[in-house]
Amino acid sequence: MLSPMNSRLILAMALLAGACSDSQPDPGRDARAPDRGLAEHATDRAGGERRVDGPSPDRRTPDLPPPDAPCPDPGVTLAPGISVSPTQLAPGKPATIVYASPAKLAGSANLTLHLGSDYWSPGPSGSTSVDVPMTKRSDGAFEASVPVPPGARLLDLVFFTESSGSKTWDNNGGLDYHRAVGVPLLGPYLSFRDNLAGQPDRDPATSLTVSFRSDHLCRGRVRYGLSPGALSASLDEPAASLQHHLHLTGLSPDTVYHYRVECTAPTGCAPPEHSPVASFRTAEVNPTSFSFLHLSDPQDYRSPGDRWKEVAATLSKPPHDAFRFIVVTGDLVGGDEPARWWDFFDRGRALLASKPILPAVGNHDTPSFASSADTSSFEGIFELASGSGKDTHYGFRYGSAGFVVFNSELSQVAPAEWKVGGGQHSWATSSLSALASATWRFAAWHIPPYNAGVRHSNQVDSVRPLTALFDDKVDWVLCGHEHLYQRFKPLRHSDKIVANYGGPGGGVGYLIAPVAGHDPPEDTLLPAANPARALLAYPVPPTVVNDKVSKWAGWIRLSVNGKSLDLKAISIDQAAPMDSLSYTKP
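A few points on the structure. A quick note: this is a predicted structure, and the numbers were derived from the prediction, not measured. (Residues numbered from 1 in each chain as written. Predicted model: local features only at pLDDT ≥ 70, side-chain atom pairs only at ≥ 80, totals over all residues. Heavy atoms only, no water.)

Comments concerning the sheet that holds strand 3 (residues 94-99)
Reasoning step 1: Pairing within the open sheet is antiparallel, and its five strands lie in the order 1-2-3-7-6. Every other strand in the sheet has two partners, leaving strand 1 (76-79) and strand 6 (135-136) as the edge strands with one partner each.
Reasoning step 2: Judged from the two bridges that link them, strand 6 and strand 7 (residues 142-147) form a sheet pairing that is antiparallel. Bridging across to strand 7, Thr135 finds its partner in Glu143. (Pairing = 2+ DSSP bridges. Helix = DSSP H or I, 4+ residues; strand = E, 2+ residues; numbered from the N terminus.)

Structural notes on the packing of helix 3 (residues 308-315) against helix 4 (residues 338-347)
Packed helix pairs are characterised by how far apart their axes lie and by the angle those axes make with each other.
Reasoning step 1: At their nearest, the axes of helix 3 and helix 4 sit 9 Å apart, and the two run at 30° to each other. Considering the angle they form, helix 3 stands roughly parallel to helix 4. When helix 3 is examined against helix 4, the residues Trp308, Lys309 and Ala312 are found in contact with a partner set consisting of Asp343, Phe344 and Arg347.
Reasoning step 2: The class makeup of the residues in the contact of helix 3 with helix 4 is three nonpolar, no polar and three charged. (Axes fitted to C-alpha atoms, helices over the stretch in contact; angles between N-to-C directions. Parallel < 35°, antiparallel > 145°, perpendicular 65-115°, else oblique. Contact = heavy atoms within 4.5 Å. Nonpolar A, V, L, I, M, F, W, Y, C, P; charged D, E, K, R; others polar.)

Some details on unusual backbone geometry
Reasoning step 1: Following Ser85, the chain continues into Pro86 via a peptide bond in cis, with omega recorded as 5°.
Reasoning step 2: Topologically, Pro86 is positioned in the loop between strand 2 (82-85) and strand 3.
Reasoning step 3: At the junction of Pro318 and Pro319, the peptide bond is cis and its omega measures out at 0° in the coordinates.
Reasoning step 4: Inspection of the secondary structure assignment puts Pro319 in the loop between helix 3 and strand 19 (326-329).
Reasoning step 5: Here Asn172, not a glycine, exhibits a phi torsion of approximately 60°, which is positive.
Reasoning step 6: Structurally, Asn172 can be placed in the loop between strand 9 (166-170) and strand 10 (177-180).
Reasoning step 7: Asn172 gets classed as partly exposed once you look at its relative accessible area, which sits at 30%.
Reasoning step 8: A positive phi is found at Asp297, a non-glycine position, where the angle reads about 60°.
Reasoning step 9: As for its position among the elements, Asp297 is in the loop between strand 18 (289-295) and helix 3. (Buried < 20%, exposed > 50% of the residue type's maximum accessible area, 1.4 Å probe, protein only.)

The structure is reproduced here in structure tokens:
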């Protein structure tokens, strides 16, 4: 029979379970410094990689003891003296938290665990946390056992001791302590690697990078195979790390693989933590017919109207999941903080585990809401192995299409980078030359060079210099930032409107994706007399009334088939496309 205190604790923890919403830790908590953990650990990645050729050989590490063998589970150490067990937490099951020397408050007379879940998300009762008195053991360590809230993917832990009505906190220097429940802290998620030099081990038909982030140092592993119950091949990292990037090679073209990631602690014989099984599909050999998505600004703030969770869920299910990869043109998050990165990956968990993404960095993906040169978090999370030496600008060939992705934040903080002789400008020249044989060529970044919206139209001149390189070399430029979908008429350099998209003498198409999450979308254009309005192909009257358009969230679907392209701008709230275009290049 449960004691009254345990019964109350279980009830309190149950009230913490529920959907995420816009919230902060309860007012009783101390004021903490900004969450900056990801940037600090951005370079904690394992060096090197080892190839596993195909799914047939079993290259697993030696089998662990059978479940019935004596095997003390050491749990996971979050920081010196602070551990959580068992190793694999599960919703509704108990978790034991131990707090001991040399942790900050280990010598205190009393200790209380301040506990929440999913980055302090409120439960149905509205409470974001519960205080749990910890028991002092004979060895001086403090211990508490708590039930993991149903549906939780993350435990949030802070500790305090109280004396004469005053509390002293251990909140991990403002970062709090976090322990993932049944899934990695971030991920797993998929990406390609820069292959403009023609590297055969980066061909999307035979390779893919699987990434995840753990909340403690461990050795990452991916198991994969042709069915969920036969993950017969594996790839291990050479050393323990926090950020894990495992590059699979030797895969079969146009094949569905099932996989899971594992996190093996350096000591102990407990089974490794593992994610649920997910799946991905490799590309065909040199495909000429395929679809991909362009979306931008998921930028979730946990506001009631934010749509990223809904958009991601829609795109992970039929009929909307019939595409191969996603180009995300910046502002993946609402700020470069661990909680915001967690929200992006958690709310898009099913989608990002099955479809590779080609991300561009946006201003909200950096420490400043304005533009910043600090992209350390972004570069830690994504391993794109760029030929430029920076994961913020890279190139990629997928069958008949080529992609170049740029860092438009540098146009604001280091404008010379985007001008003749600058680093990005020079890299663009060489990268576009490497894609000369591609039937379709796409450039992607965050801040648009053409923009008829009122919010950020003042920034177009800073990114315009690069477009002088694009005539007859780029078909479409994919951007975001404005939170208002726009498609421009076929343009040659210097704003010259021509009759057709693409082909010799044809124009470049410029797209600004609709917002994929952030609420509210924008709805206001520059006045009709502004020259930028004359360049718009969409929206135009009658869609525009008194410089206003409807607010909507969604994505752009681009399908290529030989020399033909089909474009559809899709609202999550409407079955018919908001805008569409089909054409064939000469």
